[in-house]
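# Reading the structure
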Amino acid sequence: MAGVLQALVGASEKAAHIARLCRREEPLFQLLVAEKTGADRNRRFLQDFKTLADVLIQEVIKHDLGKEFPELQGHIHGEESNEFRNGQGETVAVRVCATPGDTAALLLSVLEPEREAAELLAAAVHRDVVLGDAELAGVALSIPPQDLAIWIDPIDSTNEYIGGREDVAPVNGIAPAGLGSALVLVGAYDRRTGCPVLGVINEPFFRRDPLTRRWQGRYHWGVAYGDMRLCSLSPPPLRPAPCVVLSRAEGPAVRAALGPLCGDRLRFAAGAGYKMLCVILGLADAYVLSEGSTFTWDACAPHAILRALGGGAVALAGALRARRVGDTGPPPELVYN
């Protein structure tokens, strides 16, 4: 499993590089956006978007993990369809080809006439990632890859990624919106139990280099398998009074219920993955969501890291029902199979 962990981190780093590359080419970026329709549409938003970056990142992770671990092929799932409609109205199935030239030709069919951009993306897709992470290299675990399956959210908080706002000031360390909440999420779960066992969260837009003005990223990982708990982070300290992060779309009933408990410690942010990351980093003690707008690809990776740190994620409705009938034990955690 240590090899799988390193592969997931490496895939997330390649994904983050592609996400940054797409944002760096602003004229091109406007061509990469296609409005989601039909079954792809998230009903919570008036408009929801799928970008070529989303699709390409998902297919790169599928390709790289499936190539290194054939046992995972057919068990790597993502949010997006790999079909993308180009400017001529043709449907193109985006995938990783055998060579950079073949991948560039496929991407050019979406990006025509932006040949240079297609070649840059193809080079990013086929580049080798070298991880200089001694802590990660020293992780020794044992679990057969054939017991695992993967959930990918190629770019969580896509609307913030598209908007690209860089001027959003954090509130007590939590960014209410903006590019920083766009994350790459890769989570592994046990096929039999559905329990999340391994998670990687990559922040492609963590900070700008003060000299080059280019974005730099960072990643976090966690393992929760059997009795083993390993994480790149330390468990955050508990507060005397809780801080809770919510979506701005959260209803007034939930806000009112949490008000007496949290006082002025209610925070708001975009992106399910980012809000879970806020809990992981200790910027908030809990993330509460009452709407059915978060999915397995959003939660699997952060949930695994939360478990590695002694936390978890449960279905709100089920937890409330259990409390109403007097069950004071821990409610069952979310599963992903």
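Residues numbered from 1 in each chain as written. Predicted model: local features only at pLDDT ≥ 70, side-chain atom pairs only at ≥ 80, totals over all residues. Heavy atoms only, no water.

## Focus: the packing of helix α9 (residues 272–280) against helix α10 (residues 296–308)
Interaxial distance between α9 and α10 falls to 9 Å at its minimum, and their mutual angle equals 5°. As summarised for this structure, α9 and α10 are arranged roughly parallel, according to the angle between their axes. Two secondary-structure elements touch here, α9 through A272, G273, M276, V279 and I280 and α10 through D298, A299, P302, H303, I305 and L306. Here the contact of α9 with α10 is composed, by residue class, of eight nonpolar, two polar and one charged. (Axes fitted to C-alpha atoms, helices over the stretch in contact; angles between N-to-C directions. Helix = DSSP H or I, 4+ residues; strand = E, 2+ residues; numbered from the N terminus. Parallel < 35°, antiparallel > 145°, perpendicular 65-115°, else oblique. Contact = heavy atoms within 4.5 Å. Nonpolar A, V, L, I, M, F, W, Y, C, P; charged D, E, K, R; others polar.)

## Structural notes on the environment of L107
If you trace the backbone, L107 turns up in helix α4 (residues 100–111). Once you skip the residues sitting within four places of it in the chain, L107 turns out to touch L56, V94, A118, L121 and A122.

## Details of the pairing of strand β6 (residues 148–156)
In terms of burial, β6 is a largely internal element, nine of the nine residues being buried. Across three bridges, the pairing between strand β3 (residues 76–78) and β6 is parallel. Each bridged residue has a counterpart across the sheet, and for G78 the counterpart in β6 is I152. Bridge count for β6 against strand β7 (residues 183–190) is seven bridges, and the pairing is antiparallel. Within the sheet, the bridge partner assigned to D156 lies in β7 and is L183. (Buried < 20%, exposed > 50% of the residue type's maximum accessible area, 1.4 Å probe, protein only. Pairing = 2+ DSSP bridges.)

## A word on the layout of surface pockets
It is a probe the size of a water molecule, rolled over the atoms, that shows where empty space is left. The space that makes up the largest pocket amounts to roughly 1100 Å³. The wall of the largest pocket is formed by 35 residues, among which Y287, V288, G312, A313 and V314 lie closest to the centre. Contributing elements (two or more residues each) for the lining of the largest pocket: α9, β13 (286–287), α10 and α11 (316–324). Its residues assigned to classes, the lining of the largest pocket comprises 23 nonpolar, nine polar and three charged. (1 Å grid on protein atoms, 1.4 Å probe; cavity = no way out; pocket = protein on both sides within 12 Å on 5 of 7 lines; lining within 4 Å. Points joined across faces, edges and corners; volume = space filled by probe spheres on them.)

## Re helix α3 (residues 52–68)
Taking 1.5 Å of rise per residue, the 17 residues of α3 would be expected to cover 24 Å, and the 24 Å separating its terminal C-alpha atoms lies within 8% of that figure. Most of α3 sits inside the fold, with 12 of its 17 residues counted as buried. Every buried residue belonging to α3 is among L52, A53, D54, V55, L56, I57, Q58, E59, V60, I61, L65 and G66, and all of these are buried. (Expected span 1.5 Å × (residues − 1).)

## Re unusual backbone geometry
That bond from E112 to P113 is cis: its omega, 10°, falls within 30 degrees of zero. Relative to the assigned elements, P113 resides in the loop between α4 and α5 (115–126). The phi dihedral of S157 is positive, around 70°, even though this residue is not glycine. Among the structural elements, S157 can be located in the loop between β6 and α7 (158–163). Residue S157 is classed as buried on the basis of its relative accessible area, which comes to 13%. With a phi close to 65°, R213 is a non-glycine residue in the positive phi region. Position of R213 among the secondary structure elements: in the loop between β8 (196–208) and β9 (215–225). On the basis of relative accessible area, R213 is assigned to the partly exposed category, the value being 48%.

## Let's talk about the sheet that holds strand β12 (residues 266–268)
Sheet architecture is open: three strands sit in the order β12-β11-β13, paired in parallel fashion. With partners counted over all chains shown, the strands left at the sheet margins are β12 and β13, one partner each. Sheet topology places strand β11 (residues 244–246) next to β13; two bridges connect them, and they run parallel. In the strand pairing of β13, V244 is matched with A286. Against the sheet, helix α8 (residues 252–262) contacts β11 and β12, and its axis sits at roughly 160° relative to β11.

## Some words on the side chain of S181
Within the secondary structure, S181 sits in the loop between α7 and β7. Look at S181 and you get buried, because its relative accessible area is 0%. There is a polar contact of 3.5 Å between the side chain of S181 and the side chain of S157. When residues no more than four places from it in sequence are discounted, the contact partners of S181 are D156, S157, E160, A270 and Y274. (Polar contact = N/O pair within 3.5 Å; in protein donor to acceptor, adjacent residues only side chain to side chain.)

## Some details on the UniProt feature "binding site: Mg(2+)" (unreviewed entry) in the protein chain
Per the UniProt annotation, the sites labelled "binding site: Mg(2+)" (unreviewed entry) are E79, D153, I155, D156 and D298. Their sequence span is 220 residues, while the largest C-alpha to C-alpha distance among them is just 9.6 Å; these annotated residues converge on one region. The buried category is assigned to D156, whose relative accessible area is 4%. (UniProt positions renumbered as here; feature names shortened; annotations may be inferred.)

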